[in-house]
Amino acid sequence: MRSDPLGYLGTELDALKQQGLYRSLRILDGEQKPKAEFDHRQVVNLSSNNYLGLTTHPRLREAALDATRRLGVGSGSVRTIAGTMDIHMELERRLAAFKKTESVVVFQSGFAANAGTVAAVLSKDDYVVSDELNHASIIDGCRLSRATIKVFPHKNVEAARTILKELPAPGRKLLITDGVFSMDGDLGAVPELCAVAEEFGAIMMVDDAHASGVFGANGRGTIDHFNVHGRVDIQVGTLSKAIGALGGYVAGSKTLIEFLYHRARPFLFSTSHPPAVAAACVAALDVLEQEPQIIQRLWDNTRFFKAGLVALGFNTGISESPITPVIAGEGARAMKLSDRLFEEGVFAQGIAFPTVARDKARVRTIVTATHTRDELQFALDVFAKVGRELAII
Ligand SMILES: Cc1ncc(COP(=O)(O)O)c(C=O)c1O
């Protein structure tokens, strides 16, 4: 009989089970909404990145349906061969205007945008100086580039400066941070890092996946929030979170974007979005411009929910955004908290090592503009009950 060459995978999964870290996928029955049915249970949903509720916004839905009727369900090719449709170009023009940059290129996901861009602009004789909590897609892009990777402690601008100062003169340098960090919800040290990049002639790159649609005028992101327009060479955004659909993009100079058209491997070697996705994203930009009160509602809800958690005595870390962690300590405790919340009607994903430090396992909460106050109050009441039960508060 043939032995199973993948048998070790089962052993690793068993180890996860023993450590209480094994997760099965929760299945969403129906739409991605603030109150939704996961695994056949109605829960207040604090786990999506659907910040503005755009996944089900009527204007996006209608735009997607209309594009499907007019243009079909697929683009049929990669962008560089036959898969660039008018609607893709329109989306890129609209995003460039939104981000106030010369040009934009859209990728299949934010992950592809980060990984594809870092890997394209650097090569093995170059250096990347990266915040220790930057997103996995940045880390993978760094690895793919074969550049030397230097990591600085989270938001430690002085450490980033020292690294850059000590690097040898030859070789390009890329300084990179998330705009909003996805596990702690704090903001990157964007203006300070821009100054460091300028001092050493480094390329400055910001991943604004969680900031676009959330921070800045009409949701333009941290570059607008900190007013550092023109000082960030490469801005990455996602269309998969606040924008409510799917995709990622890079905003920057025309030269950068043309270069990525030629060298970014996910752009070159993977099929472009279906017209429905691109059309929904264009409609989302209309909503951001014409219905900014949605962003206001997101922030009102964020303040209400954060204040409620703090008043209950939870450790919510250093968040400055709608992402609010509830830190529980070691991994199994955070997973237990998440499981009990779910049983009581609140979905907040547990997150443990290696995604976060071993002793900082947590459940991560994300409120949206479309949660009602009653839903958020219900969630706070459940947090209070389960937090006391597990002696977290
Ligand atoms: C900081 C950050 N960057 C990039 C991404 C990737 O975005 P997408 O989901 O569009 O691939 C994510 C999503 O998890 C993220 O949190």
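What comes next concerns the included structure. As the structure is a prediction and not an experimental result, all values here were calculated from the model.

1. A short note on the site of the ligand
Part 1 of the reasoning: Taken together, 15 residues form the shell around the ligand, and within it D207, H210, T238, S240 and K241 come nearest.
Part 2 of the reasoning: Between the ligand and the protein, one listed contact pairs an oxygen atom with a side-chain N or O atom of S240 at 2.5 Å.
Part 3 of the reasoning: The residue makeup of the shell around the ligand, split by class, is two nonpolar, 10 polar and three charged.

2. As for the nonpolar core
Part 1 of the reasoning: Counting residues in hydrophobic clusters, the biggest one holds 44 residues, and the most contacted among them are Y51, L52, L91, L95 and L239.
Part 2 of the reasoning: Secondary structure elements with two or more residues in this core: α2 (58-71), α3 (86-99), β4 (103-107), β10 (248-252), α11 (275-290) and α12 (293-312).
Part 3 of the reasoning: Sorting elements by how many residues they give to this core places α11 first, with 12 residues.
Part 4 of the reasoning: Among all residues touching Y51, those that are not within four sequence positions of it are H210, V214, K241, A242, L298, P322, I323, I366, V367, T368 and A369.
Part 5 of the reasoning: Counting residues in hydrophobic clusters, the runner-up holds 26 residues, among them A334, V363, L376 and L390.

3. Structural notes on the pattern of salt bridges
Part 1 of the reasoning: Evaluation of the coordinates by the stated rule reveals 24 salt bridges.
Part 2 of the reasoning: For the salt bridge of D300 with R303, the shortest nitrogen-to-oxygen distance reads 3.4 Å. Placement of the pair is D300 and R303 together in helix α12, with a separation of three residues, close to one helical turn.
Part 3 of the reasoning: Here D300 falls in the partly exposed class, since its relative accessible area comes to 33%.
Part 4 of the reasoning: One salt-bridge network, in which partners are shared between bridges, spans R340, E343, E344, K385 and E389.

4. Describing the sheet that holds strand β13 (residues 349-351)
Part 1 of the reasoning: Read across the open sheet, the three strands follow the order β11-β14-β13; overall the sheet is antiparallel. Across the chains shown, the open sheet's two edge strands, defined by having one partner strand only, are β11 (323-329) and β13. The average undirected angle you get between the axes of adjacent strands in this sheet is 30°.
Part 2 of the reasoning: Strands β11, β13 and β14 (361-366) of the sheet are contacted by helix α13 (residues 331-343), whose axis makes an angle of about 35° with β14.

5. What to know about the packing of helix α4 (residues 110-121) against helix α5 (residues 136-145)
Part 1 of the reasoning: Direction vectors running N to C along α4 and α5 enclose 30°, while the axes themselves pass 7 Å from each other. Comparing the axis directions of α4 and α5 gives the class roughly parallel. Here the hand of the crossing between α4 and α5 comes out right-handed. For the pair α4 and α5, the contacting residues are F111, N114, A115, V118 and A119 in the first and A136, S137, I138, D140, G141, C142, L144 and S145 in the second.
Part 2 of the reasoning: When grouped by side-chain class, the residues that make up the contact of α4 with α5 number eight nonpolar, four polar and one charged.

Rules of the game
Residues numbered from 1 in each chain as written. Predicted model: local features only at pLDDT ≥ 70, side-chain atom pairs only at ≥ 80, totals over all residues. Heavy atoms only, no water. Near = heavy atom within 4 Å. Polar contact = N/O pair within 3.5 Å; in protein donor to acceptor, adjacent residues only side chain to side chain. Nonpolar A, V, L, I, M, F, W, Y, C, P; charged D, E, K, R; others polar. Core = buried A, V, L, I, M, F, W, Y, C linked by side-chain atoms within 4.5 Å. Buried < 20%, exposed > 50% of the residue type's maximum accessible area, 1.4 Å probe, protein only. Helix = DSSP H or I, 4+ residues; strand = E, 2+ residues; numbered from the N terminus. Contact = heavy atoms within 4.5 Å. Salt bridge = Lys/Arg side-chain N within 4 Å of Asp/Glu carboxyl O. Pairing = 2+ DSSP bridges. Axes fitted to C-alpha atoms, helices over the stretch in contact; angles between N-to-C directions. Parallel < 35°, antiparallel > 145°, perpendicular 65-115°, else oblique. Left-handed = near helix turned anticlockwise from the far one by under 90°.

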